[in-house]
Amino acid sequence: MKRFNHIDATSLEQAAELLREHGGNSHVIAGGSDLLGGLKDNLWMEYPEAVINLKTIPGLKDIKEEEDGLHIGAMVTLTEVSESEVVKGAWSGLAEAARRTASPLLRNIGTISGNICQENRCWYYRYPDKIGGRIDCVRKGGKRCLAVPGDHRYHSIFGAVNKCIAVNPSDTAPALIALNATIKTTKRDIPADEFFTAEMGAQSTVLEHDEIVREILVPRPAAGNGNAFRKIAFRKSIDFALVNCAASVTLKDGVVESARICLNGVHNNPRRCKDSEEALIGSPLTREAAEKAGEIAVADAKPLILNMFKVNMAKTIVADTLMDCAG
Ligand SMILES: Cc1cc2nc3c(=O)[nH]c(=O)nc-3n(C[C@H](O)[C@H](O)[C@H](O)COP(=O)(O)OP(=O)(O)OC[C@H]3O[C@@H](n4cnc5c(N)ncnc54)[C@H](O)[C@@H]3O)c2cc1C
Ligand code: SF4
């Protein structure tokens, strides 16, 4: 790792000002579990000269239940989300997503804001340039994607964005989308649905360079709601999802009144399954209806040779997560 300035910020305003001062050569750091790996492997085109520490800013570590829902401060750790009795109550899908992320040690240092802002894990993209030289794929400003002709077994099954088939790796992102959360930043409120992007070069969110997540608001689910999260990974711990899914379903008089379903690990951005949601409305939430929703969710999948297995996983995980919502 090269040398950089580590600056303890005392307020979000000061942190944003420092980002503006240092321009593209700066990053904010929360728990550091993703960022420090990027620094070690020289991930960015310009090596950062400043890393701005958000952990020294007061007031970003609370989980509060208020009238409009659950407020989670940007520096709340994944352990705190997963163990909070409040979150485990009405927002159990989010608690489960945090509980299934990484390992206990990583959940103790990793924050919810870092989890939704983390970069993709494509092994060509993350390839350390000290071993055999730098791999400049499209996402790093190069001309081609190495994964398409190479080893893409964990990559997108729904095609590319800007020639890149890396997937969004976050476990909490689909839960926040299914629960219709809002990401509150230093500049604006962004619906979780619109927060993720693979359109803007290497970054995975729509955040501007000097924009910082300050809290996440998750509305209180309606009466009759069930929400859930499932993940398929090779290992139970310290493993990114091959496929994960979160769903939130509200039943009224025994039939589905509203449904939100989000898959992740299958495309560059977390993927809302809107056609599956619509197919559920007005029917009882039976196993048959859930399986149909799973089939619809993968109807337009375009897997590559090595990742066809993920299509069946995605289909099944949608059905199983919906059944969890039904209790
Ligand atoms: C071995 C290993 C296994 C892992 N397994 C999983 C897994 O199974 N599932 C999963 O989802 N993740 C996994 N991760 C990723 C890790 O959980 C997330 O990286 C973690 O939540 C990141 O949080 P952090 O606070 O450490 O972020 P940091 O590393 O501090 O930051 C990550 C990124 O977010 C930006 N950022 C941080 N906070 C803010 C903010 N408030 N506003 C704007 N930008 C911000 C940083 O600049 C950086 O670009 C794994 C990581 C490792 C190393
Ligand atoms: S999938 Fe994306 S990140 Fe991976 S090699 Fe291709 S362009 Fe690069």
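This is a predicted model, so every value here is computed, not measured.

Undergrad: For this particular structure, what's the right way to read the site of ligand 1?
TA: The local shell around ligand 1 holds 32 residues, among which Val28, Gly31, Ser33, Thr111 and Asp171 are the closest. Between an oxygen atom of ligand 1 and a side-chain N or O atom of Asn115, the distance comes to 2.9 Å. In this structure, a nitrogen atom belonging to ligand 1 sits 3.3 Å away from a side-chain N or O atom of Gln118. Every element with two or more residues in the shell around ligand 1 is listed here: β2 (26-29) and α7 (112-117). The greatest single-element share of the shell around ligand 1, amounting to 4 residues, is contributed by α7. Taken together, the residues of the shell around ligand 1 break down into 16 nonpolar, 11 polar and 5 charged.

Undergrad: Teacher, can you tell me more about the packing of aromatic side chains here?
TA: Within a pair of aromatic rings, the relevant descriptors are the distance that separates the centres and the angle that separates the planes. Scanning all chains against the criterion turns up 3 aromatic pairs. Ring centres of Tyr154 and Phe234 lie 6.0 Å apart, and the angle between their planes is 65°; this geometry places the pair in the edge-to-face category. Note that Tyr154 is positioned in the loop between α7 and α8 (172-178) and Phe234 in the loop between β9 (225-232) and β10 (243-252), a separation of 80 residues in sequence. Ring plane angle 85° and centroid distance 5.1 Å describe the contact between Phe195 and Phe196, whose orientation is recorded as edge-to-face. According to the relative accessible area criterion, Phe195 is buried, its value standing at 0%. Its guanidinium or amino end placed over the ring of Phe158, Arg271 lies 3.6 Å from that ring's centre, counting from NZ or CZ.

Undergrad: Which parts of the structure should I look at to understand the nonpolar core?
TA: One broad trend across soluble globular proteins is that nonpolar side chains are buried collectively. Of all hydrophobic cores here, the largest spans 47 residues; its most connected members are Ile72, Val81, Leu94, Leu176, Phe195, Ile216 and Val218. If sequence neighbours within four positions are ignored, Leu176 has contacts with Leu94, Ile112, Ile116, Ala181, Ala192, Ile216 and Val218. Core analysis: the next-biggest nonpolar cluster, separate from the first, contains 30 residues, Phe158, Leu285, Ala319 and Cys325 among them.

Undergrad: When you look at the environment of Ala173 in this model, what are you seeing that I'm missing?
TA: By secondary structure assignment, the location of Ala173 is in helix α8. You can call Ala173 buried: its relative accessible area is 1%. For the pair Ala173 and Ile116, spaced 57 residues apart in sequence, the C-alpha separation works out to 5.8 Å. Setting aside residues up to four positions removed in sequence, Ala173 forms contacts with Asn115, Ile116, Asn168, Phe196, Asn264 and Pro270.

Cut-off values and rules
Residues numbered from 1 in each chain as written. Chains lettered and ligands numbered in written order. Predicted model: local features only at pLDDT ≥ 70, side-chain atom pairs only at ≥ 80, totals over all residues. Heavy atoms only, no water. Near = heavy atom within 4 Å. Polar contact = N/O pair within 3.5 Å; in protein donor to acceptor, adjacent residues only side chain to side chain. Helix = DSSP H or I, 4+ residues; strand = E, 2+ residues; numbered from the N terminus. Nonpolar A, V, L, I, M, F, W, Y, C, P; charged D, E, K, R; others polar. Phe/Tyr/Trp six-rings, centres within 6.5 Å; stacked < 30°, edge-to-face > 60°. Buried < 20%, exposed > 50% of the residue type's maximum accessible area, 1.4 Å probe, protein only. Lys NZ or Arg CZ within 6 Å of the ring centre and 35° of its normal. Core = buried A, V, L, I, M, F, W, Y, C linked by side-chain atoms within 4.5 Å. Contact = heavy atoms within 4.5 Å.

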